[in-house]
Amino acid sequence: MRIALVTGGSRGIGAATVRKFAKEGYSVILNYNKSAEQAEQLKSCLVEDGCDVHCYQADISDPTQVAAMFSWIATYFRRLDVLVNNAGISLTKQLQDVTVRDYDAVMNTNAKAAFFCCQQALPLLRKSDSGAIVNVSSIWGVMGASCESVYSMSKFALVGLTKSLCKELKPLGIRVNCVCPPIVSTDMSCHLSGGDIAAFCSAHKTRLYTPEDVADDIFNLATKNITGKILIER
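Now for a look at the structure at hand. Counting from 1, residues in each chain are numbered in the order their sequence is written. At least 70 in pLDDT is required for a residue's local features to be given in this predicted model, at least 80 for side-chain atom pairs to be given and counted, and no such filter applies to totals for whole chains, interfaces and linings, which use all residues. Each side-chain value is worked out from all heavy atoms of the structure, with water and hydrogens disregarded.

## Observations concerning helix α6 (residues 149-169)
Segments assigned H or I by DSSP are reported as helices when at least four residues long, segments assigned E as strands when at least two residues long, and all are numbered from the N terminus. One fewer than the residue count of a helix, multiplied by 1.5 Å, yields its expected span. With 21 residues, α6 extends 30 Å between its outermost C-alpha atoms, agreeing within 8% with the 30 Å of an ideal straight helix rising 1.5 Å per residue. Only protein chains enter the area calculation, which uses a 1.4 Å probe; residues under 20% of their type maximum are buried, those over 50% are exposed, and those in between are partly exposed. Regarding α6, the residues found buried are Val150, Tyr151, Ser152, Ser154, Lys155, Leu158, Val159, Leu161, Thr162, Leu165, Cys166 and Leu169. Contacts between residues were defined by any pair of non-hydrogen atoms, one from each residue, lying within 4.5 Å. Elements that come into contact with the buried residues of α6 comprise α4 (100-125), β5 (132-136), α5 (140-143), β6 (175-180) and β9 (230-232).

Take a look at the structure:
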């Protein structure tokens, strides 16, 4: 059975991705930080359906906790086939209002965590015959957004990480891709009105995505023989 790790897997895109891989026959490690109840509920539902899902709590903005998580994976699973770097937080503030704490929280969770997850995953991915990494960025990771400068920086970092690692890890047989969703129906967008969503979709010639839409794209990037793809969903 193939093994996938999804960070930030208790809600939204992460939860849909856990469901997708589990339903496709993967053993899925669901990483979460604070949403223990949601993580366990998702696990229970999937296990009842005959899937194999395991929860692991870790604040992946802390490299020490990242290392401990991958040590646990190495002990109990011995390898990893897919790493999905999905965990992320948003921040909507004007430049002058961003504090050092704000900046560190976003960059540590969205960018630093993905880097160290990739680093720690490497020995385990090398044991797979088709290792793959999928980074979850954003449309703002390729075009930027007003009042979301730090969030955009963090998501641009994931695009850069993808482009670099696809070259570095290709000789090892590990594929690295990235998905950049536009607007997705999750907690991050629940504050937007129907008019706001319609205006965004019209301006960017896109549509409102569901978490399941993005999960399907993540699964395809993880399982098809492609690398270096920056998928900008439209």
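## Focus: the packing of aromatic side chains
Ring pairs shown here join Phe, Tyr and Trp side chains whose ring centres sit within 6.5 Å, with only the six-membered ring taken for Trp; geometry is labelled stacked below 30 degrees between planes, edge-to-face above 60, and tilted in between. According to the stated counting rule, one finds seven aromatic pairs in the structure shown. Each ring, one from Tyr26 and one from Phe219, has its centre 6.1 Å from the other, and the planes form 80 degrees; the classification is edge-to-face. Taken as a pair, Tyr26 in the loop between α1 (12-23) and β2 (27-32) and Phe219 in helix α8 (residues 211-223) lie far apart in primary sequence, 193 residues in all. In this pair, the class of Tyr26 matches that of Phe219, namely buried. Linked through ring pairs, Tyr56, Trp72, Tyr76 and Phe77 together constitute an aromatic cluster. In this analysis the charged atom, NZ for Lys or CZ for Arg, is taken to sit over a ring once it is within 6 Å of the ring centre and within 35 degrees of the ring normal. A cation sits over an aromatic face here: Lys20 above Phe219, 5.2 Å from the ring centre.

## Some details on the pattern of salt bridges
In what follows, salt bridge is the name for a side-chain nitrogen of Lys or Arg lying within 4 Å of a carboxyl oxygen of Asp or Glu. Under the defined criterion, the tally for this structure stands at eight salt bridges. A salt bridge links Asp129 to Arg2; the nearest nitrogen and oxygen atoms lie 2.9 Å apart. Separated by 127 residues along the polypeptide, Asp129 in the loop between α4 and β5 and Arg2 in the segment before β1 (3-6) bring together distant segments of the chain. Assessed through its relative accessible area of 63%, Asp129 is described here as exposed. Ionic pairing is found between Asp49 and Lys23, a salt bridge with its closest N-O pair at 3.0 Å.

## A word on the sheet that holds strand β4 (residues 82-85)
Any two strands with at least two DSSP-identified bridges between them are counted as paired. Reading across from one edge, β3-β2-β1-β4-β5-β6-β9 is the order of the seven strands in this open sheet, with parallel pairing throughout. At either end of the open sheet lies a strand with only one pairing partner, and these are β3 (52-57) and β9. Direction aside, neighbouring strands of the sheet carry axes that sit 15 degrees apart on average. Docked against the sheet, helix α2 (residues 36-48) engages β2 and β3, running at close to 170 degrees with respect to β3. Axes, fitted as lines to C-alpha atoms, cover a helix only where it is in contact. Angles between the N-to-C directions of the axes lie from 0 to 180 degrees.

## Concerning the environment of Gln96
Locating Gln96 in the fold gives a position in the loop between β4 and α4. Each C-alpha atom, one on Gln96 and one on Cys147, is 9.9 Å from the other, the two residues being 51 residues apart in sequence. As used in this structure description, the phrase polar contact means that two N or O atoms lie within 3.5 Å; if the pair is within protein, one of them must be able to donate a hydrogen and the other to accept it, and residues adjacent in sequence are counted only when both atoms belong to side chains. Side-chain polar atoms of Gln96 contact the side chain of Gln94, separated by 2.9 Å.

## Digging into empty space enclosed by the protein
Put plainly, a pocket is an open set of points on a 1 Å grid over the protein atoms alone with protein on both sides within 12 Å along at least five of seven lines, a cavity is a set where a 1.4 Å probe fits but cannot get out, and a lining residue has an atom within 4 Å of a point. Grid points are joined across faces, edges and corners, and a volume is the space filled by probe spheres set on the points. According to the stated counting rule, one finds one cavity of 30 Å³ or more in the structure shown. Around the largest cavity sit Thr7, Ile60, Asn85, Asn86, Ala87, Thr109, Asn110, Ala113, Ala114, Val136 and Leu158, which together line it. Tallying contributions element by element places α4 first for the lining of the largest cavity, with four residues. Split by residue class, the lining of the largest cavity holds six nonpolar, five polar and no charged. Ten residues, namely Ala, Val, Leu, Ile, Met, Phe, Trp, Tyr, Cys and Pro, are considered nonpolar, four, namely Asp, Glu, Lys and Arg, are considered charged, and the remaining ones, Gly among them, are considered polar.

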